[in-house]
Amino acid sequence: MGLADFDTLHPSEFRAVVDAWRHHEEECYSRTLAAIRVHATCCVQPHVKKRLMPRDLWQIPAVDEDPELNAGHEQLSKEEKKARFEQLKKQRGYE
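Nothing here was measured: the structure is a model prediction, and the numbers come from that model.

Conventions used here
Residues numbered from 1 in each chain as written. Predicted model: local features only at pLDDT ≥ 70, side-chain atom pairs only at ≥ 80, totals over all residues. Heavy atoms only, no water. Helix = DSSP H or I, 4+ residues; strand = E, 2+ residues; numbered from the N terminus. Buried < 20%, exposed > 50% of the residue type's maximum accessible area, 1.4 Å probe, protein only. Contact = heavy atoms within 4.5 Å. Areas by Shrake-Rupley, 256 points an atom, 1.4 Å probe, with all protein chains shown as cover.

Student: How do you make sense of the overall build of the chain when you look at a structure like this?
Tutor: Counting its secondary structure elements, the chain contains six helices and zero strands. Tracing the chain from N to C terminus, the helices and strands come up as α-α-α-α-α-α. Within the chain, the proportion of its 95 residues that are buried is 11%. Restricting to contacts in the chain with at least 6 residues of sequence separation, those with at least 24 account for 32%. As displayed, the chain offers around 8300 Å² of accessible surface, 58% of which is attributable to carbon and sulfur atoms.

Take a look at the structure:
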């Protein structure tokens, strides 16, 4: 957006731009914190006996409550994991 475009913005348009930019920055910050937390967990895990999850090491409400960041992390039962593994083996041609 150039300076001439900026000068012609109405207050509601300006507010929409500011809100979109703020949302973008918060998303970037949350993703960065999540990546740092995973890295920290990987560094600490070899020195701890019990299995750590990233949220066990460092709780970040903005990241833990974000459904987009937590998508795809459903807990599977042992039977579901085994069935999924067998399905992937067949797809890859290992059976």
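Student: Explain the environment of His39 here, please?
Tutor: Among the secondary structure elements, His39 is positioned in helix α2 (residues 11-44). For His39, a relative accessible area of 53% gives the class exposed. Separated by 15 residues in the primary sequence, His39 and Pro54 place their C-alpha atoms 8.6 Å from one another.

That is the geometry; function is a separate question.
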